[in-house]
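Overview (structure and organization)
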Amino acid sequence: MDNPQKTPTLPGELKDVPGWFPPLDQVLFTWLLDRQEAQGHKGDLVELGAYMGKSAILLGRHLGPGEQFTVCDLFGGEAPDGANKAETAKSYASLTRQAFERNYLSFHDALPRVIEAPSSVISSEVAAGSCRFVHIDASHLYEHVRDDIGAARDLLQPEGVVVLDDFRSEHTPGVSVATWEAVLNRELRVICLSTQKLYGTWGDPGPVQEELLEMLRGRTDCGLSVQEAAGQRLIRARAKGMRAPEFPRSRHYVEPAPAPAPTPAPPHRRSPARRIAVDLLPPIITRTVRRARTSRA
């Protein structure tokens, strides 16, 4: 149980922020967002479900001039229905908006636009067709994920990217059903699959897939397979000892103290008897004794 009297630890690096954001997904987020920026693709960013802010902190680094980043989360507030309330109480009892804001401001000068409400409000808060990237990691219940996917489709620009978290985790079957339903019946096109996230678009995935394959094939820390299913090309990536991409440290980062220099071993000293023996014995006998001792060691 959290101790309310304990002073919160401020993160020095992104890895210090609690949350589930593996290095592979950090690499994919960064690559997709960098690609959008390199192509001059402008648009807003949205995250549904923020937990302690780990992925939001990375997204915020890619916010361009004139763009808006909106984060929507209950932050422990009142859930819209009984099932969602039970899920929130079980999984995120210690989550607070203050913790998210504290972590985010450790890396950025200003907060994103924060909406403390169910994800169902996002369509009325963000303009349709205004977004280039939407990350969905809110409720795991089928009906809510289905509606979040529908909202993302309305918010995204034609070539925008949606990322669906926990699409194949054993404890989130509702996310799996809603995700593959969108692929099969709602025209969502898969860009790639990581261990826990599906990256998709309602535009043409072909160009981004070709560039992504080239990037992934050039890495030695990533396993790769390409499959076909239901008329779609599925690129599956998995980490193989992958490290997270470089990310700026927070304003609270403290350089670790240098390790103390090792204490030098004391010089080997011969006993007086051995010193006398070395001085008196002929060199050939001394060498023979040394070799014999070495062979017994």
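See the structure above.
Residues numbered from 1 in each chain as written. Predicted model: local features only at pLDDT ≥ 70, side-chain atom pairs only at ≥ 80, totals over all residues. Heavy atoms only, no water.

To continue, consider the environment of histidine 108. Counting through the fold element by element, histidine 108 comes out in the loop between helix H4 (97-107) and strand E3 (113-116). Judged by relative accessible area, histidine 108 falls into the buried class, the value being 12%. Sequence separation between histidine 108 and glycine 60 is 48 residues; the distance between their C-alpha atoms is 7.7 Å. (Helix = DSSP H or I, 4+ residues; strand = E, 2+ residues; numbered from the N terminus. Buried < 20%, exposed > 50% of the residue type's maximum accessible area, 1.4 Å probe, protein only.)

On to helix H1 (residues 23-38). Its 16 residues give H1 an end-to-end C-alpha distance of 22 Å, which sits within 8% of 22 Å, the value for a rise of 1.5 Å per residue. In terms of burial, H1 is a largely internal element, twelve of the 16 residues being buried. When we look at burial in H1, the residues that qualify are Leu24, Asp25, Gln26, Val27, Leu28, Phe29, Thr30, Trp31, Leu32, Leu33, Arg35 and Gln36. Note on H1: the residue one or two positions beyond its end, glycine 40, has a positive phi of about 75°. (Expected span 1.5 Å × (residues − 1).)

For the rest of this paragraph, the subject is the nonpolar core. Among the nonpolar cores identified, the biggest contains 41 residues, and Phe29, Phe100, Phe133, Tyr199 and Leu212 are the most heavily contacted of them. Going through the elements one at a time, H1, helix H2 (54-60), strand E2 (69-73), H4, strand E5 (156-165), strand E6 (189-193), helix H8 (206-217) and strand E9 (232-239) are the ones with two or more residues in this core. Ranked by the residues each element gives to this core, the list is headed by H1, at seven residues. With sequence-adjacent residues up to four places away left out, leucine 212 is seen in contact with Leu28, Trp31, Ile191 and Cys192. Within the second largest apolar cluster, 30 residues are counted, among which are Ala151, Phe167, Ala178 and Leu234. (Core = buried A, V, L, I, M, F, W, Y, C linked by side-chain atoms within 4.5 Å. Contact = heavy atoms within 4.5 Å.)

So, on to the pattern of salt bridges. All told, the structure shown has 15 salt bridges when counted by the stated rule. Between glutamate 125 and arginine 113 there is a salt bridge; the shortest N-O distance is 2.5 Å. Here glutamate 125, found in helix H5 (residues 122-125), pairs with arginine 113, found in strand E3; they are twelve residues apart in sequence, far enough to count as distant. On the basis of relative accessibility, which here comes to 34%, the residue glutamate 125 falls in the partly exposed class. The class of arginine 113 is partly exposed, set by a relative accessible area of 27%. Through salt bridges with shared partners, a single network forms among Glu13, Lys15, Arg249 and Glu255. (Salt bridge = Lys/Arg side-chain N within 4 Å of Asp/Glu carboxyl O.)

Along the polypeptide, histidine 140 turns up in the loop between strand E4 (131-136) and helix H6 (142-155). Looking at histidine 140, its side chain comes within polar contact range of the side chain of aspartate 166, at 3.2 Å. (Polar contact = N/O pair within 3.5 Å; in protein donor to acceptor, adjacent residues only side chain to side chain.)

Extensive coverage of strand E7 (residues 197-201) is indicated by the burial of five of its five residues. Burial along E7 is two-sided: the face carrying Lys197, Tyr199 and Thr201 and the face carrying Leu198 and Gly200 are both buried. As paired elements, E6 and E7 share four bridges and run antiparallel to each other. The residue bridging cysteine 192 from the neighbouring strand is tyrosine 199, located in E7. Count of turn residues in the E6/E7 antiparallel hairpin: three residues. (Pairing = 2+ DSSP bridges.)

Turning our attention to the packing of H6 against helix H7 (residues 173-185). Interhelical geometry of H6 versus H7 gives an angle of 35° and a closest axis separation of 8 Å. Crossing hand, H6 versus H7: right-handed. Judged by residue contacts, Tyr142, Val145, Arg146 and Ile149 of H6 engage Gly174, Val175, Val177, Ala178, Thr179, Glu181 and Ala182 from H7. Class assignment for the residues of the contact of H6 with H7 results in seven nonpolar, two polar and two charged. (Axes fitted to C-alpha atoms, helices over the stretch in contact; angles between N-to-C directions. Left-handed = near helix turned anticlockwise from the far one by under 90°. Nonpolar A, V, L, I, M, F, W, Y, C, P; charged D, E, K, R; others polar.)

Let us look at the pairing of E4. Where burial is concerned, most of E4 is hidden: six out of the six residues are buried. Relative to E4, strand E1 (residues 44-48) is paired through five bridges, and the arrangement is parallel. Counted as the bridge partner of valine 46 is valine 134 from E4. Of the strand pairs in this sheet, E4 and E5 are connected by five bridges, and their pairing is parallel. Counted as the bridge partner of valine 134 is valine 162 from E5. Between E4 and its parallel partner E5, the chain crosses via H6, and the hand of that crossover is right-handed. (Right-handed = clockwise from strand over helix to strand, strands pointing away.)

Moving on, we get to H6. Its 14 residues place the ends of H6 20 Å apart at the C-alpha level, agreeing with the 20 Å of an ideal helix rising 1.5 Å per residue. Of the positions making up H6, those classed as buried are His144, Val145, Asp148, Ile149, Gly150, Ala151, Ala152 and Leu155.

Mapped onto the fold, asparagine 103 is located in helix H4. A polar contact of 3.0 Å, which involves the side chain of asparagine 103, links it to the backbone oxygen of methionine 52. Excluding anything up to four places from it in sequence, asparagine 103 contacts Pro11, Val17, Pro18, Met52 and Ile57.

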